[in-house]
Amino acid sequence: MKTRTLFEQVIINNSKIPNKNGYVFNISDNLINGLSVDLFYDDLMQGSGNELISKFSALYSSSALAVNNFAIVKKHLKDFSFLDYSNFDKANFERQFKTGLSGTPPNLDFTLENNNAVIAFESKYLELLDKKKVVFPLSYNKSNLSYLDDFWFKLIDSYVDKEQFLDVAQLIKHSIGLINYKRKISDKQTKKVLLVYIFWTPINYEKFSEYNQHSIELNKFAYNINKQSDVEFLSMTYNQFWDLYQNNTPFNGHFDKLRSRYSIEI
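This one's a predicted model, so the numbers in the text were calculated from it and none came from an experiment. (Residues numbered from 1 in each chain as written. Predicted model: local features only at pLDDT ≥ 70, side-chain atom pairs only at ≥ 80, totals over all residues. Heavy atoms only, no water.)

A. Fine view of the overall build of the protein. From N to C terminus, the protein includes eight helices and nine strands. Taken against the 2.2 N^0.38 rule, which gives 18 Å for 266 residues, the C-alpha radius of gyration of the protein at 18 Å falls within 12% of a compact globule. For the protein, the C-alpha atoms occupy an extent of roughly 55 × 45 × 30 Å along the three principal directions. Looking at the protein residue by residue over its 266 residues, the buried ones come to 53%. Within the protein, counting contacts between residues at least 6 apart in sequence, those at least 24 apart form 71% of the total. (Helix = DSSP H or I, 4+ residues; strand = E, 2+ residues; numbered from the N terminus. Rg over C-alpha atoms; globule rule 2.2 N^0.38 Å. Buried < 20%, exposed > 50% of the residue type's maximum accessible area, 1.4 Å probe, protein only. Contact = heavy atoms within 4.5 Å.)

This is the structure:
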C-alpha cells in the first residue's frame, strides 16, 4: 500500500468524527471545538484552491489542519505573538502574493501582518509524502523578474527537474511573491518578511523513509535559501508550534485538543 494511502486510512480509522468514506457531512464537523466557520469561510472562498468545495471535508485535509491550528490565532489576534513580533492587525487564510508574472500565484495557508513584518505560514499535512518534480515556467527569468537578485535564478537552476518530497518550487514562488509585495508597500523596504514552513508528523515518523528524506531536503533548502536576506526562512513541526502555545492565555486547552486529534501513530 502506498504510504500516503496508508496514512489516510489510519487517520480515518482513528477518527471519532461522523463521516462517510473519510469525508465529514458538514465542514463544521471538521473543526476543533471552539472554532466557527466565519473565522475562515470568506478567506477560503476567495482563494484559488477551491478548498471548501471538497478538500476541506476530508478528515486528512491539509486545509482543515491549518484552519484548526490558526483560526484561534485569528480569533485572538491581539493576544498572539510569534518570535519577537506582536500587535498584528491583519490575518488571512489562503492569501496570495503576486510575483508580477501572469497566471495565478500559489496560496499561502495563513499570513500575519503588522507594521514591522509579514509572517507567512506554508502548511503541510500528508502532501510531503509524495515526491514532486521541481518545475518552473520559462517566465521565471531575469528579464521578467528584474527586481530579483541573481541569487534567486541560481537557486531555481540548482533545483529544476529534481524530484523531492519538499515542494521547493512552491516555497521559492512564495518567497518571490513576498519579495515583490515588500518592495511595493515600502520605499525604504524596512518591513521584515518571514516564510515559515510548518508540517505535521506522526508520533512514529522516524519509521518512514519519506520523513527522513524530507528532513535532509529541508535542511539543505534552509541552508541554501538563507544565504540571502530578502526573506527569512524557518521551519517547524506542528508539535513544536503546539509546545510554544499550549499553556498561553487565551489559547488554554485549544492546542491540547489539536494534539488529541492529530497526534497519532501509524
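B. Seen up close, helix H3 (residues 62-75). The terminal C-alpha atoms of H3, which comprises 14 residues, lie 20 Å apart, in line with the 20 Å expected from a rise of 1.5 Å per residue. Along H3, the sharpest change in direction is near 35 degrees and occurs at Asn69. Most of H3 sits inside the fold, with twelve of its 14 residues counted as buried. When we look at burial in H3, the residues that qualify are Ser62, Ser63, Ala64, Leu65, Ala66, Val67, Asn68, Asn69, Phe70, Ala71, Ile72 and Val73. One side-chain oxygen of the residue at the start of H3 lies 3.2 Å from the amide nitrogen of Ser63, identifying that residue as Ser61. (Expected span 1.5 Å × (residues − 1). Bend = angle between axes of the 7 residues up to and from the residue. Polar contact = N/O pair within 3.5 Å; in protein donor to acceptor, adjacent residues only side chain to side chain.)

C. The nonpolar core, seen in detail. Phe82, Leu112, Ile119, Phe121, Trp200 and Phe241 are the most contacted members of the largest nonpolar core, which has 91 residues in total. Excluding its chain neighbours within four sequence positions, the residues that come into contact with Leu112 are Val73, Leu77, Phe80, Phe88, Lys90, Ala91, Ala117, Val118, Ile119 and Phe121. (Core = buried A, V, L, I, M, F, W, Y, C linked by side-chain atoms within 4.5 Å.)

D. Broad picture of the pairing of strand S8 (residues 192-199). The buried fraction of S8 is high, at seven of eight residues. Sheet topology places strand S5 (residues 117-124) next to S8; eight bridges connect them, and they run parallel. Residue pairing for S8: Lys124 is matched across the bridge by Phe199. As defined by bridge partners, S8 adjoins strand S9 (residues 232-237) across six bridges and the pair is classed as parallel. Looking across to S9, one finds that Tyr197 is bridged to Ser235. Crossover S8 to S9 through helix H6 (residues 209-225) is right-handed. (Pairing = 2+ DSSP bridges. Right-handed = clockwise from strand over helix to strand, strands pointing away.)

E. Broad picture of the pattern of salt bridges. According to the stated counting rule, one finds ten salt bridges in the structure shown. Here Asp130 and Arg4 are joined by a salt bridge, their closest N and O atoms 2.8 Å apart. With a gap of 126 residues between them, Asp130 in the loop between S5 and strand S6 (132-133) and Arg4 in helix H1 (residues 3-14) connect regions that are remote in the sequence. Its relative accessible area of 18% is what places Asp130 among the buried residues. (Salt bridge = Lys/Arg side-chain N within 4 Å of Asp/Glu carboxyl O.)

F. Representation of the sheet that holds strand S3 (residues 90-96). With respect to topology, five strands assemble into an open sheet ordered S3-S4-S5-S8-S9, the strand pairing being mixed. With partners counted over all chains shown, the strands left at the sheet margins are S3 and S9, one partner each. With direction set aside, neighbouring strand axes in the sheet form an average angle of 25 degrees. Across the face of the sheet, helix H7 (residues 238-245) comes into contact with S5, S8 and S9 while running at roughly 85 degrees to S9. (Axes fitted to C-alpha atoms, helices over the stretch in contact; angles between N-to-C directions.)

G. Representation of the packing of H3 against H7 in the model. Across the interface, H3 lies against H7 with an axial gap of 12 Å and an inter-helix angle of 15 degrees. The orientation of H3 relative to H7 falls into the category roughly parallel. The element H3 and its partner H7 pack so that their crossing is left-handed. Contacts from Leu65, Ala66, Asn69 and Phe70 in H3 reach Tyr238, Phe241 and Trp242 in H7. (Parallel < 35°, antiparallel > 145°, perpendicular 65-115°, else oblique. Left-handed = near helix turned anticlockwise from the far one by under 90°.)

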